[in-house]
Amino acid sequence: MIHSTFTSAALLFAGLYHGITVSATGPGVVAVPEGFTAVTPFEFTSLVPLPEPTGRAVQPRAAHEIVTVKGAKSDRLIVVYKDSIHTFDATGVQPVHKLDSMKMVVVNNTADNVAKLVNDPTIDSIHEDALVEAFDTQDSSTWGLQRISGDKIPAGSDPNQLTYKYTYQKQLGSGVDIYIIDTGIRTSHVLFEGRAKLGFVANGLYPGDDNGHGTHCAGTAAALRVGVAQKANLIGVKVLRADGKGLTSDILAGMDYVSGAAAKSGRPSVASMSLGGDASTPMDNAVQTLTNKGVHVVVAAGNDAKDANNVSPARAPSAITVGATAINETFAGFSNYGSALDILAPGVDIVSTWITSDGAGASLSGTSMATPHVAELVAYFISLMGNKSPADMAQLLKNKSQSGKISNIKGNTINLLAHNA
């Protein structure tokens, strides 16, 4: 059972969106999905000169290849010359900027300049000139958003207040589809701004969110103010009942839907799965099928304080498995642990959207809450850098993360905290 509570006093979305109020019904426990059981070099020994081909001259290979960038760029090149060279002096090339202290010059990216530069022995490398944007800061955010975009939060801070800052670049997951495989989504919530829809409902289930868990995860994923990727599309995949439980067969059906829908849309796609149960080879295989097709699959480690290698889909090798942390930089006591985990993220006292009204919010705790932080970082990075293979994206997340920040780590759990910069 997940540790999940919501209170009305501390959760007001004050100033978040005109006319929004938080609706909650006092201390309580929300049933959620974790823990359910239904479901080589060589040498030349001789050198023989090759005859030159007749009819054309042999073209020498360029000494330098231009390092390209993904995304927007200017019509200039950044040229780095060798340390042994005191100043740039390429005959016939007029610099736009000379950066002598940095051993660099900026030149126009013309065919004539490129032809002169690529074989210049004084040059170390040539790079395209990428467009760089300033980071924006959003006030009135959750502590989880501040932590994945900043540093340690001061001791004594209240995790249930929306008084934190989120620092990000403007793309915010634009053009990416996020599939929330869960209890559904209250698609009408104002913080979703019309970007949420219900894509799949398992046989016999209510076509909406009658639990709240899916809406909460969707909010952390992409809702205005409380979400990581606030321009991404949200697609609900309803596979769990009102009590937060469901059948493995229904979850597999939902994953099959994601496979087909992602292929049909042609858009970068992320599947966020804040659920789990006993080890299941069919579930693990389904994760592998999705990642083989280019869908990024991010899953919860689980909340039973046990080795996640005994839980599916947490143990699936191609999934990005997420453990939970608290505001005081500690590993959550309830979080599953072990070598199956790939990364950690905020998961204790996370404020997000709720189902009691189109402006409601609630605070929940669990690896379920940590998972959408990471799933939507995937969407965020895709919008900034372009799509990558699931394996390459998993490595990028690790490269971007902060190492060694979390205390009370259990067993051989990785100590990498998710971060966006």
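What you are looking at is a predicted structure, and each value in this text was computed from that prediction instead of being measured.

Caption draft 1: Local environment of the overall build of the chain. Each helix and strand in the chain was counted, giving seven helices and 20 strands. Within the span of the chain, comprising 421 residues, buried residues form 53% of the whole. Split by element, the accessible area of the chain, about 18300 Å² in all, is 52% carbon and sulfur.

Caption draft 2: Up close: the nonpolar core. Ranked by size, the top nonpolar core spans 62 residues in total, and within it Leu234 and Val374 carry the most contacts. Sort the elements by how many residues they give to this core and helix 6 (residues 367-385) lands first, with 11 residues. Dropping the residues within four chain positions of it, Leu234 is found in contact with Ile178, Ile180, Ile185, Phe192, Arg195, Ala196, Lys197, Ala218, Ala221 and Ala222. Judged by nonpolar contacts, the second largest core, of 26 residues, contains Ala262, Met283, Val299 and Ala316.

Caption draft 3: View of the sheet that holds strand 4 (residues 104-108). If you walk across this open sheet you meet the five strands as 1-5-2-4-3, and the pairing is mixed. The sheet terminates laterally at strand 1 (66-67) and strand 3 (97-99), the two strands that pair on one side only. Inspection of the sheet shows strand 2 (residues 73-81) paired to strand 4 by five bridges, in the antiparallel sense. Bridge pairing in strand 4 links Arg76 to Asn108.

Caption draft 4: Structural context of the pattern of salt bridges. Tallied over the full model, the rule gives nine salt bridges. Across the salt bridge formed by Arg267 and Asp177, the nearest N and O atoms sit 2.8 Å from each other. Highlighted residues: Arg267 in the loop between helix 4 (248-265) and strand 11 (269-273) and Asp177 in strand 8 (residues 177-182), separated in sequence by 90 residues. The class of Arg267 is partly exposed, set by a relative accessible area of 39%. Across the pair Arg315 and Asp284 runs a salt bridge, and its minimum N-O distance is 2.5 Å. Here Asp284 lies in helix 5 (residues 281-292) and Arg315 lies in the loop between strand 14 (311-312) and strand 15 (320-325), a separation of 31 residues in the sequence. Using a relative accessible area of 29% as the deciding quantity, one classes Arg315 as partly exposed.

Caption draft 5: Focus on the side chain of Glu128. Mapped onto the elements of the fold, Glu128 is located in strand 5 (residues 123-130). Taking relative accessible area as the criterion, Glu128 reaches 14% and is therefore assigned buried. The contact partners of Glu128, leaving out residues within four places of it in the chain, are Ile66, Val67, Thr68, Val69, Lys73, Arg76, Leu77 and Ile78.

Caption draft 6: Representation of the packing of helix 3 (residues 213-222) against helix 6. Close contact between helix 3 and helix 6 brings their axes to 8 Å; oriented N to C, the two are set at 35°. The element helix 3 and its partner helix 6 pack so that their crossing is right-handed. Two secondary-structure elements touch here, helix 3 through His213, His216, Cys217, Thr220, Ala221 and Ala222 and helix 6 through Ser368, Met369, Pro372, His373 and Glu376. Of the residues belonging to the contact of helix 3 with helix 6, the class tally is five nonpolar, five polar and one charged.

Caption draft 7: Representation of the packing of helix 6 against helix 7 (residues 390-400) within the structure. The N-to-C vectors of helix 6 and helix 7 enclose an angle of 100°; their axes lie 11 Å apart at closest approach. As the angle between them shows, helix 6 and helix 7 are arranged roughly perpendicular. Counted together, Val374, Leu377, Val378, Phe381, Ile382 and Met385 of helix 6 and Met393, Leu396, Leu397 and Lys400 of helix 7 form the full contact between these two elements. Its residues assigned to classes, the contact of helix 6 with helix 7 shows nine nonpolar, no polar and one charged.

Caption draft 8: Structural context of the packing of aromatic side chains. One pass over the full model with this rule turns up three aromatic pairs. Taking the centre distance of 6.2 Å and the plane angle of 75° together, the rings of Tyr179 and Tyr257 count as edge-to-face. Of the two residues, Tyr179 is situated in strand 8 and Tyr257 in helix 4; the sequence distance between them amounts to 78 residues. Taking the relative accessible area as the measure of exposure, Tyr179 reaches 1% and is therefore buried.

The rules behind the values
- Residues numbered from 1 in each chain as written.
- Predicted model: local features only at pLDDT ≥ 70, side-chain atom pairs only at ≥ 80, totals over all residues.
- Heavy atoms only, no water.
- Helix = DSSP H or I, 4+ residues; strand = E, 2+ residues; numbered from the N terminus.
- Buried < 20%, exposed > 50% of the residue type's maximum accessible area, 1.4 Å probe, protein only.
- Areas by Shrake-Rupley, 256 points an atom, 1.4 Å probe, with all protein chains shown as cover.
- Core = buried A, V, L, I, M, F, W, Y, C linked by side-chain atoms within 4.5 Å.
- Contact = heavy atoms within 4.5 Å.
- Pairing = 2+ DSSP bridges.
- Salt bridge = Lys/Arg side-chain N within 4 Å of Asp/Glu carboxyl O.
- Axes fitted to C-alpha atoms, helices over the stretch in contact; angles between N-to-C directions.
- Left-handed = near helix turned anticlockwise from the far one by under 90°.
- Nonpolar A, V, L, I, M, F, W, Y, C, P; charged D, E, K, R; others polar.
- Parallel < 35°, antiparallel > 145°, perpendicular 65-115°, else oblique.
- Phe/Tyr/Trp six-rings, centres within 6.5 Å; stacked < 30°, edge-to-face > 60°.

Keep in mind that these numbers describe shape and distance, not what the molecule does.
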